[in-house]
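Observations on chain architecture
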Amino acid sequence: MILLQGILELTGVAAFSLAVVRVPLYWGRITALGILLFAVTYTIRILQTTFGLHTAILLFLLSLLIRKVTHTSPVQSFKGSFLSLITLTLLELVIYKIFVMMTKYDPDYIISNIILWKSLGLPQGILMIIFAIIISKYKKPYEGAWRI
């Protein structure tokens, strides 16, 4: 469940970031990027580092990777990554609040139930991908934006 949720969520983050900077959405490349981001993020999280450190590293790594694999500027890469992580954070908050409101579950119960907790991440990953597709429809991607 952690694999499915994490890869889906970070694939959505990568797709959203790329859509914002007007890079065509090539799903094979985006999925590979999502898997790489998941591997790094998951490794950092299991090391039990300071809370939030994985998010800062994810922001930096995503910006760097977008810069390396596309023809975007460093500022654009950072902008896309930052907007993507802000959107994900807002989705997490909204989905969690709606779920608690609808089910009346105790927040401690939700967090302690790993299956339930990880399942709450699936909708935000799906929504990030849908948002990326919508953005790329309205903000036409640049041809030749990929380096690879």
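Up top is the structure these notes are about.
This write-up is about the structure you can find in this document. (Residues numbered from 1 in each chain as written. Predicted model: local features only at pLDDT ≥ 70, side-chain atom pairs only at ≥ 80, totals over all residues. Heavy atoms only, no water.)

**With respect to the nonpolar core**
For soluble globular proteins, the rule of thumb is that nonpolar side chains tend to be buried together. In this structure, V13, L18, L25, I30, L33, L37 and L62 are the most contacted members of the largest nonpolar core, which totals 30 residues. Broken down by secondary-structure element, the contributors of at least two residues to this core are α1 (2-20), α2 (27-46), α3 (53-69), α4 (74-103) and α7 (121-138). The greatest single-element share of this core, amounting to 8 residues, is contributed by α1. Non-local contacts of L62, meaning those with residues more than four positions away in its chain, are made with V13, A14, S17, L33, L37 and S81. Within the second largest apolar cluster, 7 residues are counted, among which are I95, F99, V100 and L120. (Core = buried A, V, L, I, M, F, W, Y, C linked by side-chain atoms within 4.5 Å. Buried < 20%, exposed > 50% of the residue type's maximum accessible area, 1.4 Å probe, protein only. Helix = DSSP H or I, 4+ residues; strand = E, 2+ residues; numbered from the N terminus. Contact = heavy atoms within 4.5 Å.)

**Considerations on the packing of α2 against α3**
Contact geometry of α2 with α3 gives a least axis separation of 10 Å together with a crossing angle of 155 degrees. In this view, α2 runs roughly antiparallel relative to α3, as classed from their interaxial angle. Helix-helix and strand crossings are classified by hand; for α2 and α3 the assignment is right-handed. Of α3, the residues touching α2 (which contributes L33, L36, L37, V40, T41, I44 and R45) are H54, I57, L58, L61, L62 and L65. (Axes fitted to C-alpha atoms, helices over the stretch in contact; angles between N-to-C directions. Parallel < 35°, antiparallel > 145°, perpendicular 65-115°, else oblique. Left-handed = near helix turned anticlockwise from the far one by under 90°.)

**Overview of the environment of I114**
Tracing the backbone shows I114 in helix α6 (residues 114-119). Taking the relative accessible area as the measure of exposure, I114 reaches 46% and is therefore partly exposed. Put simply, I114 and V40 are 74 residues apart on the chain and 21 Å apart in space, counted from C-alpha to C-alpha.

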